[in-house]
Amino acid sequence: MTQRQPLLEVNGLSVTFPSESGAVEAVRGVSYHVMPGEVLGIAGESGSGKSVSSLAVMGLLSRRARIAGSVRFEGEELLGVGDKDLSKIRGGRITMIFQDPLSALTPVFTVGDQIAEAVRIHQNVSKQAAMDRVVDLLNMAGIPNPRQRARAFPHEFSGGMRQRVMIAMAIANNPKLIIADEPTTALDVTIQAQILDLLQKAKEATGAAIVMITHDLGVLAGFADRLTIMYAGKLVEIGEVDDVFYRPRMPYTIGLLGSIPRIDAAPGTPLTPIEGSPPSLTNLPPGCPFTPRCPMRVDICREEEPDLLRMNSSGGEHFVACHRSAEIEQKNLKGVDIFPASAAVSSRIEELPREGRTPVLRITDLKKHYPMISGAILRRRVGTIYAVDGIDLDIREGETLGLVGESGCGKTTTILEILGLARPASGSIEVLGRNTAAMTARDRFQIRREISVVFQDPMASIDPRMPVSDILAEPMVTHGVPAEERSKRIGQLLEMVGLRPEHTSRYPQEFSGGQRQRVCIARALALKPKLLVLDEPVSALDVSIRAGVLNLLEELKAELGLSYLFVAHDLSVVRHISDRVAVMYLGRIVETGDVNRVFDRPAHPYTQALLSAAPLPDPRKERARRRIILKGDLPSPANPPSGCRFRTRCQKFADELNDSQRQVCIDVDPVLFDHGNPGSDHRAACHYAEGEN
Amino acid sequence: MSSYNGGLGIFLLRRVVYLAVVVLIATSANYFLAATALNPRSNFEGRNPPPPPAVVDEQLTSLNLNDKTPVVERFGRWADGVWHGNLGLTIDHESVNAEMRRRVGVSLRLLLIGSLLGCFCGIAAGAWSAVNQYEFSDHAMTILSFVILSVPTVVLAVFLANAGSSFNDAIGHRLVYNTGEYTPGLEAWTSADIVNRLQHLVLPSLVLILQGLAFYSRYQRNSMLDAVGSDFVRTAQAKGLRRPQALIRHALRTALIPMGTFFAYEFTLIFIGSIFVEKIFSWHGMGEWFVQSIQKNDVNATAAIGMFVAVLVLFAGFLSDVVTVLLDPRIRRT
Amino acid sequence: MSSIPSPIVEEPVETTGHDSRIRLVLRRFLRRRLAIAGFVIVLLLFAFAYIGPHCYKWRYDQIDFEAFLQRPSATHWFGTTQNGFDMLALTMRGMQKSLIIGLIGAVLSTGIAAIAGATAGYFSGWTDRAIVALIDLILVLPGFLIIAILSPVFHGRTWLIFVVLLAAFQWMITARVIRSMTLSMKEREFVYAARFMGVPDWKIIFRHILPNMSSFLIIDATINVSSLILAEVGLSFFGFGVQPPDISLGTLIGDHWESAQTANGYQFYFPAILLVILVLSVNLVGDGLRDALDPSAGSATGKGAASR
């Protein structure tokens, strides 16, 4: 077997940026290679340098960056080559896909023009020929009506469609290497599945190698052949995907894998959080940058940064940068051996059966419609958006309800309606047994003590000009808690969320993302509420930090007897933390019930698709999975399909039903039917739910 | 949707009505203010010998300027005239319509070339600055713009007028003129006349060009810088465009979008800014009239000019909307 | 293994204090030498205008009967006018007026804009429509014309009315910008958090929304200073602004511009040049502040490249 030449060889790549507070070493000596036709995954959190290293390969960094090292593509050295020569390679033999397709496409040119531009830079073809190629590419990328859509502007496409356009642009010239920088991070999970599927097709069609950069290990488990983990600007582990997932030898990797909630986890499986947060890249101390967070640290870790060492027990080439990697390999240490896991805690209330507990929140047939205003200058009403179109929710004391759905399903509107405590346009909201329609302003003000909220982005939900003490005091001041009691309570709250009392005078910018979210949680608990509404509380945090916050939330719930309305799009997080779940689609709840029942045996096709699209950080299972790829995009909430709203994308509708059955789906709007054994907590809104006749 | 066009039509109508109402209110407010605060009677009483009161009253009434008539009545007469297209009489018994037509022409001839050139040079200079950020040319341009923007139009005009004179003295020949629109006596619109007019136009236009250069280059630079650092320029480069190409094709085009609004407002409001240029260079356009009508207590003229300005501002807003729609496809189809 | 996780010990990201923001701002400001120069010059001009008269032997209203229309000399540093007034004294006095008008007017203008814009943006509905209509109306009214027409009214009374009028025609565009900033800030999570806590509306506007626009407000106020000074000059030039016997740089320029080309041009050039220096310095400070407070505005400092 002849030794194949690597397509891309990166050796000792270093990138440093000057900044106001000193030099930022974004990439510190990174070496890897990519073979033709293979998929290399680069995983890491913020500050790991994963994106910067790829931008350096493409020569797209700003002029202020200092780059050193070597990058060889098909044997040619790329670093130091001038812009003119590099532009011949870029877009032709190496192409790149970016994270946010809205900002990555020029808003003033049509999509067709932009793709045609990519073609005509590298191929000497006429305008017409380029346009024909554009239509071909759009068709291959799965965009309906390609010739028409080529004349549309980027803002007229949905997020998933825009990313398809970017992929079309990237394969226009049959590249040898495609670098995909977080291509699906901004997308919903079912759309993500579509795009990953498309990337796979693109790879097969062009034979290109792909470098896939992401923070989501689950995505890489099913997609990558080889995988590298980056931390603080360096590679800490690199190897075949099975080796890295099943035989990780670097404590960071081990901890990371243990801290990710899994969709297939047994109930009550604890998460192992990694303490601390990724370091800042200015003035890094000597030694291994993971030391402050590593439970296995020894003296040498603080002095010397480890080199990549080969692991012998692995099938393929597996390198790990840790002083104790040999020991880890020898003893085959797993996550639970290295990182302390928290035991599952439950409160007394949870031991009571559900029916016996007091209802904390009850929503009946809630509807919220918005007028659709179009045009920025000529603003006029052109329709109605049926954001929430008749939902029922029921949360009891000591219970967590997970509200799951993708963007546009109406979950944000739902929680804003609940928190507004106003009389809804239609339906009713009852908080702690009191109907909001019957409340006076005074009542509402009182009830606000019982229900509070934690939002997704901790930086955006705190006023950056207030110190922590003021932030925590604000709810108490508003509700007239006397000063003495306030300061005592502030100390209590900080302790409850794992922060130190000295932190009261600090400002939010001085904290890490995870700490800030803890401040938000503390603020939400200031007035001892009964119900906490959490809107994607961990999605904006780094992966290694999420586990800590999730554990905290569970602990607080048990200790304080809280109920949670937990809104999220990440199903594995929802499974981990919720007792019950409700799945939303286009303003309706399509399936609801006990979380284990729903996730183990989903009845509604949408839930099935969601679950099949949720990435699993388990390569064998990922490869064996049968993925359900939904067709097309979410219909417009202003114009929902007749009958069952999901029918336009439903895999069952498309593949399994006969014509008369389909007619039922078109004509009759399904309601939530009980599913499975009577009395079991599981309902689905589907005429042909799985497992039913 | 079948109601789409109907809805659009009705909507435009509503907007036009709203704008018309605003103009109406503004114009009326102008009239009332002018009619009450100005004192045309004092013009007559200041003469030597002072005319008898009856004569004064008659004169004032014939001009619809008599302060003994209730304001509302005077307004009624004026408004009635305006509705029929007649803006009334100036305090010198001339037709306001004719005077305005003449003076608008003068101002247009004064401002058109200078402002267009200023805008064009400014945008080019701004784009150039942005592409060469922090280099010498960028710094020089920034400093120049700064200084120019800090000089009041009056001072700039006086300075250039004097510079022109000194220039003439230096070359011993009167090349540029700093007084008036043209030298009287030449037959209108012959080549000699045109050259003469251009000679008169150079200095005042220079004021406008310099100011335009300074103003537009700063805003265009900022706009370009935003575009230059954006993700889509990076994508353009990733496709294989060289940096200069990517900047011109993608960044510049996108950076022009906000400039449309600026240009629309600046261009239309420059009429008002011309009061200084017209005063210093003695051009008899709208700007000069603007000031004179107040100084002469000419109520009808003042009210007419107020209306003119109101219409101009609204036109500016309308124009900026149109330009934005033309330049920015995101607004076009939503 | 352990049951309940102990309090997480996380290292803070930056070990700087609150004054970190102020310190950072100051650091950036000080780095612009031109901005500091501008600031120093403004201070010097203040000294010139207010302390100068006490150090100089001639008063602005004093006539020297032995020196009519005299060129700058040792006795009269800036020369004298046709009526025997000392030019330097006049300039100092005029500078006082210009400075004060600029400052008071700017604070007034920005203040009105902030309250109007934030109220319109926050409350929406009819309040918003009313304020926007008001803004449109005033924008359409020719401010110059109106102030000019009204100038006889404040003849003889305090020039403060003039300042108020100037500010009254200056606030509209800023108010619009503040309104749209408020509209987007209203959807930010920290405003939602405050609303759902039960914090009253006015408190949200004054404690959360406006303070988060403070950079913009400061920059706007600074720009307004120079705009108002220039507006005053324009009006006073024609006699519509500051009225005699008050003196401002505008009145001086208006009185003496015709002599600019003659040998007695010093009467025009001294006030004109000092005016330009004043406006230039204020603009430099404003520009420096903008860089210091909001460096992302107007420059692409490695955006998109160094973010990961």
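### Thoughts on the overall build of chain A
For step 1, the next point in the chain: In terms of regular secondary structure, chain A is built from 28 helices and 24 strands.
For step 2, the next point in the chain: In terms of overall size, chain A behaves like a compact globule, its C-alpha atoms giving a radius of gyration of 26 Å where 693 residues would be expected to give roughly 26 Å.
For step 3, the next point in the chain: Overall size of chain A, expressed as C-alpha extent along the three principal axes, is 75 × 65 × 50 Å.
For step 4, the next point in the chain: Residues counted as buried form 54% of the 693 residues belonging to chain A.
For step 5, the next point in the chain: Sequence-distant contacts, at least 24 apart, represent 69% of the contacts inside chain A between residues at least 6 apart.

### Some remarks on the overall build of chain B
For step 1, the next point in the chain: Regarding its fold elements, chain B presents 13 helices and 0 strands.
For step 2, the next point in the chain: Each helix and strand of chain B, ordered N terminal to C terminal, gives the series α-α-α-α-α-α-α-α-α-α-α-α-α.
For step 3, the next point in the chain: With respect to the three principal axes, the spread of C-alpha positions in chain B is 85 × 75 × 35 Å.
For step 4, the next point in the chain: Out of the 334 residues belonging to chain B, those deemed buried represent 43%.

### Looking at the interface of chain B and chain C
For step 1, the next point in the chain: Contacts between the two partners involve 39 residues from chain B and, on the opposite side, 35 residues from chain C.
For step 2, the next point in the chain: Among the elements of the structure, helix 1 (3-37), helix 6 (136-150), helix 7 (153-171), helix 8 (191-228), helix 9 (231-239), helix 10 (243-281), helix 11 (286-295) and helix 12 (299-327) of chain B are those that each provide at least two residues to the side of chain B that touches chain C.
For step 3, the next point in the chain: For the side of chain B that touches chain C, the element with the most residues is helix 1 of chain B, which contributes 8 residues.
For step 4, the next point in the chain: Along the lines of polarity and charge, the residues of the side of chain B that touches chain C split into 28 nonpolar, 8 polar and 3 charged.

### Regarding the sheet that holds strand 4 (residues 66-73) of chain A
Strand pairing in a sheet relies on backbone hydrogen bonds. The paired strands run either parallel or antiparallel.
Residue and element names in this part refer to chain A.
For step 1, the next point in the chain: On the basis of which strands lie adjacent, the open sheet formed by 4 strands has the order 2-1-4-5 and antiparallel pairing. Each end of this open sheet is capped by a strand with a single partner; those strands are strand 2 (24-34) and strand 5 (76-77).
For step 2, the next point in the chain: In the sheet, strand 1 (residues 8-17) pairs with strand 2 via 8 bridges, with the strands oriented antiparallel. Within the sheet, the bridge partner assigned to F17 lies in strand 2 and is V24.

### A look at helix 5 (residues 96-131) of chain B
For step 1, the next point in the chain: Taking 1.5 Å as the rise per residue, helix 5 of chain B with 36 residues should run 52 Å; its terminal C-alpha atoms sit 50 Å apart, in good agreement.
For step 2, the next point in the chain: The sharpest bend along helix 5 of chain B measures roughly 35 degrees and falls at L111 of chain B.

### Let's talk about unusual backbone geometry
Residue and element names in this part refer to chain A.
For step 1, the next point in the chain: Positive phi values are uncommon outside glycine, yet L432 reaches one of about 50 degrees.
For step 2, the next point in the chain: Relative to the elements of secondary structure, L432 occurs in the loop between strand 16 (426-431) and strand 17 (434-435).
For step 3, the next point in the chain: Phi angles above zero are rare outside glycine, and K528 is one such case at about 55 degrees.
For step 4, the next point in the chain: Topologically, K528 is positioned in the loop between helix 21 (513-524) and strand 19 (531-535).

### Re the pairing of strand 19 of chain A
All names here are of chain A.
For step 1, the next point in the chain: For strand 19, the tally of buried residues reaches 5 of 5 residues, placing the bulk of the element in the interior.
For step 2, the next point in the chain: Going residue by residue along strand 19, you find L531, V533 and D535 tucked away on one face and L532 and L534 tucked away on the opposite face as well.
For step 3, the next point in the chain: Note that strand 18 (residues 451-454) and strand 19 share 4 bridges and pair parallel. Bridge assignment links V454 to a residue of strand 19, and that residue is L534.
For step 4, the next point in the chain: Bridge analysis of strand 19 against strand 20 (residues 563-568) gives 5 bridges, and the strand direction is parallel. Bridge pairing links L532 to Y564 in strand 20.
For step 5, the next point in the chain: On the question of chirality, the crossover connecting strand 19 to the parallel strand 20 by way of helix 22 (residues 543-560) is right-handed.

### Quick look at the domain arrangement of chain B
Residues and elements named next belong to chain B.
For step 1, the next point in the chain: The assigned domain composition of chain B is domain 1 (1-92 + 296-334) and domain 2 (105-285).
For step 2, the next point in the chain: In this structure, domain 1 and domain 2 have C-alpha centres spaced 31 Å apart.
For step 3, the next point in the chain: Between domain 1 and domain 2, the residue contacts involve 10 residues of the former and 10 residues of the latter.
For step 4, the next point in the chain: Split into classes, the residues belonging to the side of domain 1 that touches domain 2 amount to 7 nonpolar, 2 polar and 1 charged.

### Structural notes on the packing of helix 11 (residues 251-259) of chain A against helix 22 of chain A
Residue and element names in this part refer to chain A.
For step 1, the next point in the chain: Relative to each other, helix 11 and helix 22 sit at 50 degrees, their axes nearing to 9 Å. The angle between helix 11 and helix 22 falls in the class oblique. Helix 22 is crossed by helix 11, and the crossing has left-handed handedness. Judged by residue contacts, G255, L256 and S259 of helix 11 engage V543, S544, R546 and A547 from helix 22.
For step 2, the next point in the chain: The residue makeup of the contact of helix 11 with helix 22, split by class, is 3 nonpolar, 3 polar and 1 charged.

### Quick look at the nonpolar core
As a rule of thumb, nonpolar side chains are buried together in soluble globular proteins.
For step 1, the next point in the chain: Membership of the largest hydrophobic core comes to 380 residues, with the highest contact counts inside it found for L565 of chain A together with A157 of chain B.
For step 2, the next point in the chain: Ranked by residue count, the leading element in this core is helix 10 of chain B, at 18 residues.
For step 3, the next point in the chain: Each of domain 1 (1-92 + 296-334) and domain 2 (105-285) of chain B contributes no fewer than three residues to this core.
For step 4, the next point in the chain: The contact partners of L565 of chain A, leaving out residues within four places of it in the chain, are L361, I395, L401, L403, I415, L531, V533 and L534 of chain A.

### Some thoughts on the confidence of the model for chain B
Residues and elements named next belong to chain B.
For step 1, the next point in the chain: Summary statistics for chain B give a mean pLDDT of 83 and a share of 94% for residues scoring 70 or more.
For step 2, the next point in the chain: Low pLDDT, under 50, characterises residues 1-5; the stretch is placed with 1 contact to residues that sit more than four places away or in other chains.
For step 3, the next point in the chain: Both confidence scores are given for the complex: pTM 0.82, ipTM 0.81.

The rules we used
- Residues numbered from 1 in each chain as written.
- Chains lettered and ligands numbered in written order.
- Predicted model: local features only at pLDDT ≥ 70, side-chain atom pairs only at ≥ 80, totals over all residues.
- Helix = DSSP H or I, 4+ residues; strand = E, 2+ residues; numbered from the N terminus.
- Rg over C-alpha atoms; globule rule 2.2 N^0.38 Å.
- Buried ≥ 20, exposed ≤ 12 C-beta atoms within 10 Å, placed from the backbone.
- Contact = placed C-beta atoms within 7 Å.
- Nonpolar A, V, L, I, M, F, W, Y, C, P; charged D, E, K, R; others polar.
- Pairing = 2+ DSSP bridges.
- Expected span 1.5 Å × (residues − 1).
- Bend = angle between axes of the 7 residues up to and from the residue.
- Right-handed = clockwise from strand over helix to strand, strands pointing away.
- Domains from an automatic or database assignment.
- Axes fitted to C-alpha atoms, helices over the stretch in contact; angles between N-to-C directions.
- Parallel < 35°, antiparallel > 145°, perpendicular 65-115°, else oblique.
- Left-handed = near helix turned anticlockwise from the far one by under 90°.
- Core = buried A, V, L, I, M, F, W, Y, C linked by C-beta atoms within 7 Å.
- pLDDT = per-residue confidence, 0-100.

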